[in-house]
Amino acid sequence: MRKFTIPFPDDWHLHLRDGATMAAVLPHTARRFARAIVMPNLNPPVTTTAQALAYRERILAALPKGIRFTPLMTLYLTEETTPEEIVRARKSGHIHAVKFYPAGATTNSAAGVRNIGNCYAVLETMATEGLPLLIHGEVTDPQVDIFDREKIFLEEVLAPLLTRLPQLKVVLEHITTRDAVDFVNNAGTNLAATITPHHLAMNRNAMLAGGIRPHHYCLPVLKRENHRAALLEAATSGSGRFFLGSDSAPHSRYRKESSCGCAGIYSAHAAIELYAELFEQAGALDRLADFSSRFGAEFYGLPRNTGTITLIKEPWDVPQQYSLGSGGALVPLRAGTRIRWQVCHD
Ligand code: NCD
Ligand code: ZN
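Participant: So what's going on with the environment of Val 25? Residues and values would help.
Facilitator: Note on placement: Val 25 falls in helix H1 (residues 19-32). Note on Val 25: relative accessible area 3%, which makes it buried. Spatially, the C-alpha atom of Val 25 lies 12 Å from that of Gln 321, the residues being 296 residues apart in sequence. Excluding residues that lie within four positions of it along the chain, Val 25 makes contacts with Leu 16, Pro 250, Tyr 266, Leu 324 and Leu 330.

Here it is as structure tokens:
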């Protein structure tokens, strides 16, 4: 196939940041996706409906003229979040999920949750209101090896949570292990998962073999090849429990190329094209439309998009970096390499 058309896709996990960085990265997503679930891990975090609505206005104001894009807002769960805030969020019509960061698990997660047991009143209200919980599924115990943090989270945190709140809709975000794939496949239909292009494309050798590559460092960290293969199988399986979430996470070059580089991989410049390459390699290009444009909307209970997007097999070269406006720059995934597919705009 040289050209194909799919319903306009959605990105169910995206970091837009704020200010100049947001203005620099937002056009990449808005050209490719009709909607995106926008992560609330700003500094300070987006913990209230009022903050989420103000953030939404800033996103809409930063959109390039003539581009239609709907930001789907989220709240950042803390141990102080109240059931009333959840009701307010639902009523606003613009807040579509609540994000659970275990405190210390990742970028801007210090204000996250230490003990999810302290959040049950809020989680019960979310179950009643039909508001999904999005989970960064890693334990933070320093005793636990970083490559095992997702697997241990499934056993120690997620399984008891689902048993206690079977009606709560949960998305296990950016899964990285065969264990997570099996867990989702064996759980009830209220559990789904997003999968990033980088976890589908790379194993940990891409980060550590032949030199340390900070632009391939993200959380949860890349795993062994066996896990990558399981993710690719899940994404292309046709199961509605797995859908697109890029986790595109812009950080400036100097913060990544550092003696303590931060976590996050930027993929918004080519997100749908990268998934197209991966699905094509797996011989499953016909399954991309459901993964990118249907399953997520169905899980969130949102209508599917009406427009379409066309991808054409015309190679293009990814720049070495993109400007971040205020003097900084970021290094995108696949910088300086050729991508086989591009979005066709005629
Ligand atoms: C994300 C970020 O930079 O905000 N980083 C990452 O490595 N994925 C946070 C997150 O989603 O964990
Ligand atoms: Zn993320």
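Participant: Please set out the pairing of strand E8 (residues 191-195) residue by residue, giving values where relevant.
Facilitator: With 5 of 5 residues buried, E8 lies mostly within the body of the structure. Residue alternation in E8 divides its side chains into two sets, Leu 191, Ala 193 and Ile 195 and Ala 192 and Thr 194, and both sets are buried. One ladder, built from 3 bridges, connects strand E7 (residues 170-172) with E8; its direction is parallel. Paired with Val 171 across the bridge in E8 is Ala 192. Each parallel crossover has a hand, and for E7 linked through helix H6 (residues 178-186) to E8 it is right-handed. The pairing of E8 with strand E9 (residues 242-244) spans 3 bridges and is parallel. Each residue of the ladder has a partner; that of Ala 193, found in E9, is Phe 242.

Participant: So what's going on with the coordination of the zinc ion (ligand 2)? Which residues, and what values?
Facilitator: The protein atoms that coordinate the zinc ion (ligand 2) are His 13 (NE2), His 15 (NE2) and Asp 247 (OD), at distances of 2.0 Å. Relative to the metal, the 4 donor atoms surrounding the zinc ion (ligand 2) lie at angles of 92 to 137°, and the coordination shape comes out irregular. Counting residues between consecutive donors of the zinc ion (ligand 2) along the chain gives the motif H-x1-H-x231-D. Placement of His 13 in strand E2 (residues 10-14) and of Asp 247 in the loop between E9 and helix H10 (253-256) is noted, with a sequence separation of 234 residues between them. Asp 247 matches His 13 in its accessibility class, with the two residues each being buried.

Rules of the game
- Residues numbered from 1 in each chain as written.
- Chains lettered and ligands numbered in written order.
- Predicted model: local features only at pLDDT ≥ 70, side-chain atom pairs only at ≥ 80, totals over all residues.
- Heavy atoms only, no water.
- Helix = DSSP H or I, 4+ residues; strand = E, 2+ residues; numbered from the N terminus.
- Buried < 20%, exposed > 50% of the residue type's maximum accessible area, 1.4 Å probe, protein only.
- Contact = heavy atoms within 4.5 Å.
- Pairing = 2+ DSSP bridges.
- Right-handed = clockwise from strand over helix to strand, strands pointing away.
- Donors = N, O, S within 2.8 Å, 3.2 Å for Na, K, Ca; no water.
- Tetrahedral: all angles 85-135°; square planar, octahedral: opposite > 155°, others 65-115°.

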